[in-house]
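# Summary of structural features
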Amino acid sequence: MSARKINLTVNGEAVEAEVEARLNLADFLRQAIGLTGTHVGCEHGVCGACTVIVDGRPARACLMLAVQADGAKVETVESLGTPESLSELQQAFRDRHALQCGFCTPGMLMTIEALLRVEGSPTREEIRDVLSGNLCRCTGYQAIVDAALDAAEARRGTR
Amino acid sequence: MKAPPFTYHDPRSRDDLIGLLAELENAKLLAGGQSLVPMLNFRVVAPDHLIDINRIPDLAGIRLSANAVVLGAMTRQWDLQASADLAATAPIIREALAHVGHFQTRSRGTIGGSCCHLDPAAELPALCALFDAEFDVAGPNGARIVKVGDWFKGYLESALEEREYLQSIRLRRWPAGHGYGFSEYARRRGDFAIAGAGALLEFAEDARIRRAAIVVFGVEPGPVRLVEVEQILVGQTFSEAVLAEAAAQASALDAMADVHVSAAYRRHLAGVVTRRALTEAARPARQAV
């Protein structure tokens, strides 16, 4: 057993906590600091539901230990928008009916958010490629790709 | 589906790492964690100590010299894919990386981790075989170089010894203008490949092949170079006969069978991907500049 004190930034706020070394980042976000927007599906890096952005890059929160996030800047789905004021990407998901049960949605959003930061004008094919790392069992992929394209347009100000 | 308890260490220097390797029993090194953490979560492995090498500053990086490309073991797959230098000197690497895991795993996954874990379907160890890599390893008893032919010991088993770590991988550069081709077949995008192949070709001015390298992966427990075909290719012009010979040799490998795929189907696919990779490598427009 080993516990460690960690200091990190989550959605712009400084967080200090003592964590057990084997605690993964997804469980830390959900259980230690109450950010349950990050979902836990497969816990072995396949489903993508726990995808968050760590130091600007998308990452599986179930495949990172919380201690590894010491000093890091973590962004979760809670950072995107609020129910009253959705982000462009969230609004596009709503407009396009890009979610049914919603379980995969946080991971989908954070993956597309990470993509749009490095590629402002992704093609349908590029979006499909990055979403190959996120499983949706309601099979809403077509609408999710549509929403990602809409969000990219909205962010470019061309829509 | 939660990792078993372990004692966590995060050394800040190579010396500290070597000290831990000398001292600790039943320790495991944590690189990008994209294979090891699932194994921990499944409790397939249960080390007493986990040594996280992510905070050792100088283990990552891409260095080019006249004859070689040296990749630090902790270089992330994301950074390999983004490197313009690497894309210019060894364009097959960027092409293959598109097949390595996913956008969300390449951000943390490393080349060294992949080469030490040695999944049979992994693309990066196959590229190491293609570029006649040398693995620079170190431990309490000093450093040593392992040639790629000695690196693959068996299923999920490299030549790295229990108290050693991988420092860097040295790839032999091919001349500007070489042809390259990469092909793999997986049931879904980002899945482990059932079979894959990579090919490099260097042509002389009279369009004859001066040098060839062909690797097949996902078929046997480790990547396999088709050395006989490579030798046959030298001095020839590219032809259907050459392609047929290469595909035949790939289809004669000692293919693995699993619950999804029979050995016969895997052998068939090995021939198909080898033919595709070589065909790509021979296309003049594809040759690197």
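Residues numbered from 1 in each chain as written. Chains lettered and ligands numbered in written order. Predicted model: local features only at pLDDT ≥ 70, side-chain atom pairs only at ≥ 80, totals over all residues. Heavy atoms only, no water.

### Side note on the overall build of chain B
Spelled out, the test is: Helix and strand assignments follow DSSP, with helices taken as H or I runs no shorter than four residues and strands as E runs no shorter than two, numbered in order from the N terminus. Whether two residues touch is decided by their heavy atoms; if any such pair falls within 4.5 Å, the residues are in contact. To measure how exposed things are, a 1.4 Å probe is used in the Shrake-Rupley method; for residues, cover is taken only from the protein chains shown.
The secondary structure content of chain B amounts to twelve helices and 14 strands. In terms of principal-axis extent, the alpha carbons of chain B reach across some 60 × 45 × 35 Å. For chain B, contacts bridging at least 24 residues in sequence account for 63% of all contacts bridging at least 6. A total of about 12200 Å² of accessible surface is found on chain B, and carbon and sulfur atoms cover 50% of it.

### Looking at the pattern of salt bridges
All names here are of chain B. For the record, the criterion: Definition used for salt bridges: Asp or Glu carboxyl oxygen within 4 Å of a side-chain nitrogen of Lys or Arg. The cut-offs for exposure are 20% and 50% of the maximum accessible area for each residue type, with area from a 1.4 Å probe on protein chains only; residues under the lower value are buried, those over the upper are exposed, and the others partly exposed.
Overall, the coordinates contain 27 salt bridges over all chains when judged by the stated rule. Between D10 and R55 there is a salt bridge, and its shortest N-O distance comes to 3.7 Å. In this pair, D10 is assigned in the loop between β1 (7-9) and α1 (14-23) and R55 in the loop between β3 (49-52) and β4 (62-64), connecting sequence segments 45 residues apart. Assessed through its relative accessible area of 24%, R55 is described here as partly exposed. One salt bridge connects R163 with E25, and the closest N-O pair in it is separated by 2.7 Å.

### Some words on the sheet that holds β4(B)
All names here are of chain B. The test is simple: Strands qualify as paired when DSSP identifies two bridges or more between them. To define axes, lines are fitted to C-alpha atoms, for helices over the stretch in contact only, and angles between the resulting N-to-C directions are given on a 0 to 180 degree scale.
In space, the five strands of this open sheet follow the order β4-β5-β10-β6-β7, with antiparallel pairing throughout. Edge positions in the sheet fall to β4 and β7 (142-147), since each has one partner strand and no second. Taken over all neighbouring pairs, the strand axes of this sheet differ in orientation by 20 degrees on average, direction set aside. By the bridge criterion, three bridges tie β4 to strand β5 (residues 68-72) in an arrangement that is antiparallel. Bridge pairing in β5 links L64 to V69. Where α1 meets the sheet, its contacts fall on β6 (134-139) and β10 (165-172), and the angle it forms with β10 comes to roughly 120 degrees.

### A few points about the pairing of strand β2 (residues 27-30) of chain B
All names here are of chain B. Test applied: Seen with its strands pointing away from the viewer, a crossover is right-handed if its path from the first strand over the helix to the second goes clockwise.
Where β2 meets β3, four bridges bridge the pair, whose relative direction is parallel. Opposite L29, over in β3, you have I51 as the bridge partner. Running through helix α2 (residues 36-41), the crossover from β2 to the neighbouring parallel element β3 is right-handed.

### Considerations on the interface of chain B and chain A
Operational definition: Buried area adds together the accessible area that both of two parts lose upon being put together, with accessible area traced by a 1.4 Å probe. Nitrogen and oxygen atoms within 3.5 Å of one another constitute a polar contact, given that in protein one can donate a hydrogen and the other can accept it, and given that sequence-neighbouring residues count only through two side-chain atoms.
The interface is formed by 34 residues belonging to chain B together with 33 residues belonging to chain A. Summing the contributions of chain B and of chain A, the shared interface buries around 2900 Å²; its carbon and sulfur component is 51%. Salt-bridge contacts for B:K2 lead to A:D27; the nearest nitrogen and oxygen are separated by 2.6 Å. For the pair chain B and chain A, the interface holds 17 residue pairs in polar contact (both at pLDDT 80 or more). Counting residues per element, the ones that place at least two in the side of chain B that touches chain A are β1, α2, β3, α3 (77-82) and α6 (103-106) of chain B.

### Re the packing of helix α11 (residues 240-250) of chain B against helix α12 (residues 263-282) of chain B
All names here are of chain B. This is how it is decided: In a left-handed crossing the near helix is turned counterclockwise from the far helix by less than a right angle, and in a right-handed crossing that turn is clockwise. For this classification, the nonpolar set comprises Ala, Val, Leu, Ile, Met, Phe, Trp, Tyr, Cys and Pro, the charged set comprises Asp, Glu, Lys and Arg, and every other residue, Gly included, is treated as polar.
Interhelical geometry of α11 versus α12 gives an angle of 145 degrees and a closest axis separation of 7 Å. As for how α11 packs across α12, the hand of that crossing is right-handed. Of α12, the residues touching α11 (which contributes E240, L243, A244, A246, A247 and A250) are R267, A270, G271, T274, R275, L278 and T279. Counted by class, the contact of α11 with α12 contains seven nonpolar, three polar and three charged residues.

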